[in-house]
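Remarks on the overall topology
Okay, here's what each chain looks like letter by letter:
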Amino acid sequence: MESIGTWWMWAGFAAVVVVMLAIDLFLVGGGKEHKVSVREAGIWTVVWVSVAMLFAGALWWYLDGSAGREVANARALEFVTGYLIEKALAVDNVFVWLMLFSFFAVPPELQKRVLIYGVLGAIVMRTGMIFAGAWLISQFHWVLYIFGAFLLATGVKMMWFAGHEQNLEKNPLLRWLRGHMKITTEFHHERFFVMKEEGGKWVRYATPLFLALVLVEISDLIFAVDSIPAIFAITTDPFIVLTSKVFAILGLRAMYFLLADFAGRFSLLKYGLAAVLMFIGGKMLLIDVVKIPVGISLGVVALLITTSVVLSLRKDRLESSAQQG
């Protein structure tokens, strides 16, 4: 697999990720059970985006000096495009998390712990899938067509079911867990398991927080299956693919708390995300026929997301005016 990443670049990236994860786990909110405010989430969202852009700038600076301006511009643009695509697709993941926490009635002060593990799980799953995908593409070019067809079909499906709500009570995994585990009816602070005495014996019980965690991790896996092929439409360089995705995921928890109070106002965003998947899928299917520059791809993705957000806000404003009238 060809890549611009040297051993020390991989090591430096890993060090940055470990430091930022440590800050997120142990310093933000003191690592204690608390409700994340919109202000706190907004500040950390700015921090995560700034760190990602600083990394892009450092990458450009290094490549400009070692490989030339053309290579530096191309790779930095690929990083930013991959970052934007992952951030955009992650919004749908946020909506699913909101639905899960609402279904299990998880108090806001307990959501932070579940999302910490959700972010860690997302990083691990995406890392493995990225290297597997990069190896497949390097060995079998036609895999890109499979990825493209999958993304196109996923986009069409998302567009078709955008207005439908999932019924978690019928979720097969949730029903299996409830049928094979003892589960408490109440939360026990941030604990996933508790011990209860029954008939003179101590029995392990899972809490509703554990069920929420399992479904959050499963949702991460499902969205990884969608987002991994999408980035390969932009670049097949494992270093660019992994760094852009991980930096986007690092800020996912802050983005969740930032959007939690406003998610209902973005009713049309799913259509924009569906259009993004359909565009990227089409781009991959035509990869050997029409070469769409990365800059144009970035512009199209940004336009689709921006348009869906603007139309969502306009729709919400009109509905609010109609109710007041």
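In the block above lies the structure referred to throughout.
This brings us to unusual backbone geometry. One non-glycine residue, Ala105, lies in positive phi territory at about 55°. You can call Ala105 exposed: its relative accessible area is 51%. Residue His189 is not a glycine yet carries a positive backbone phi of 55°. Within the secondary structure, His189 sits in the loop between α6 (172-180) and β1 (193-198).

As a further point, take helix α7 (residues 208-232). Over its 25 residues, α7 extends 37 Å from the first C-alpha to the last, a length consistent with the 36 Å expected when each residue adds 1.5 Å. If you look at α7, its biggest bend is around 30°, right at Ala224. The buried fraction of α7 is high, at 20 of 25 residues.

Here we take up the pairing of strand β2 (residues 201-206). The pairing of β1 with β2 spans six bridges and is antiparallel. The partner of Glu197 across the bridge, within β2, is Trp202. Where β1 hands over to β2, the hairpin turn is made up of two residues, of which Gly199 adopts a positive phi near 60°.

A few words now on empty space enclosed by the protein. Rolled over the atoms, a probe sized like a water molecule indicates the empty space that remains. Under the counting rule described, the total for this entry stands at three cavities of 30 Å³ or more. Space inside the second largest cavity adds up to approximately 50 Å³. What lines the second largest cavity is simply Leu89, Asp92, Met158, Phe223, Asp226, Ser227, Leu273 and Leu277. Contributing elements (two or more residues each) for the lining of the second largest cavity: α3 (69-103), α7 and α10 (269-285). If you tally residues by element for the lining of the second largest cavity, the top one is α7, at three residues. Among the residues forming the lining of the second largest cavity, the class breakdown is five nonpolar, one polar and two charged.

Attention shifts here to the packing of α10 against helix α11 (residues 294-324). In the contact formed by α10 and α11, the axes pass within 8 Å of each other and the chain directions differ by 165°. Between α10 and α11, the angle falls in the class roughly antiparallel. Remark: the crossing between α10 and α11 carries right-handed chirality. Residues Leu269, Gly272, Leu273, Ala275, Val276, Phe279 and Lys283 of α10 pack against Ser297, Val300, Val301, Leu304, Ile305, Ser308, Val309 and Ser312 of α11.

Membership of the largest hydrophobic core comes to 94 residues, with the highest contact counts inside it found for Phe232, Phe247 and Leu250. It is α3 that provides the largest number of residues to this core, a total of 15 residues. Not counting residues within four places of it along the chain, the set of residues in contact with Leu250 comprises Val17, Met20, Leu21, Trp48 and Ile123.

Rules used throughout
Residues numbered from 1 in each chain as written. Predicted model: local features only at pLDDT ≥ 70, side-chain atom pairs only at ≥ 80, totals over all residues. Heavy atoms only, no water. Buried < 20%, exposed > 50% of the residue type's maximum accessible area, 1.4 Å probe, protein only. Helix = DSSP H or I, 4+ residues; strand = E, 2+ residues; numbered from the N terminus. Expected span 1.5 Å × (residues − 1). Bend = angle between axes of the 7 residues up to and from the residue. Pairing = 2+ DSSP bridges. 1 Å grid on protein atoms, 1.4 Å probe; cavity = no way out; pocket = protein on both sides within 12 Å on 5 of 7 lines; lining within 4 Å. Points joined across faces, edges and corners; volume = space filled by probe spheres on them. Nonpolar A, V, L, I, M, F, W, Y, C, P; charged D, E, K, R; others polar. Axes fitted to C-alpha atoms, helices over the stretch in contact; angles between N-to-C directions. Parallel < 35°, antiparallel > 145°, perpendicular 65-115°, else oblique. Left-handed = near helix turned anticlockwise from the far one by under 90°. Contact = heavy atoms within 4.5 Å. Core = buried A, V, L, I, M, F, W, Y, C linked by side-chain atoms within 4.5 Å.

Just geometry here; none of it tells us what the structure is for.
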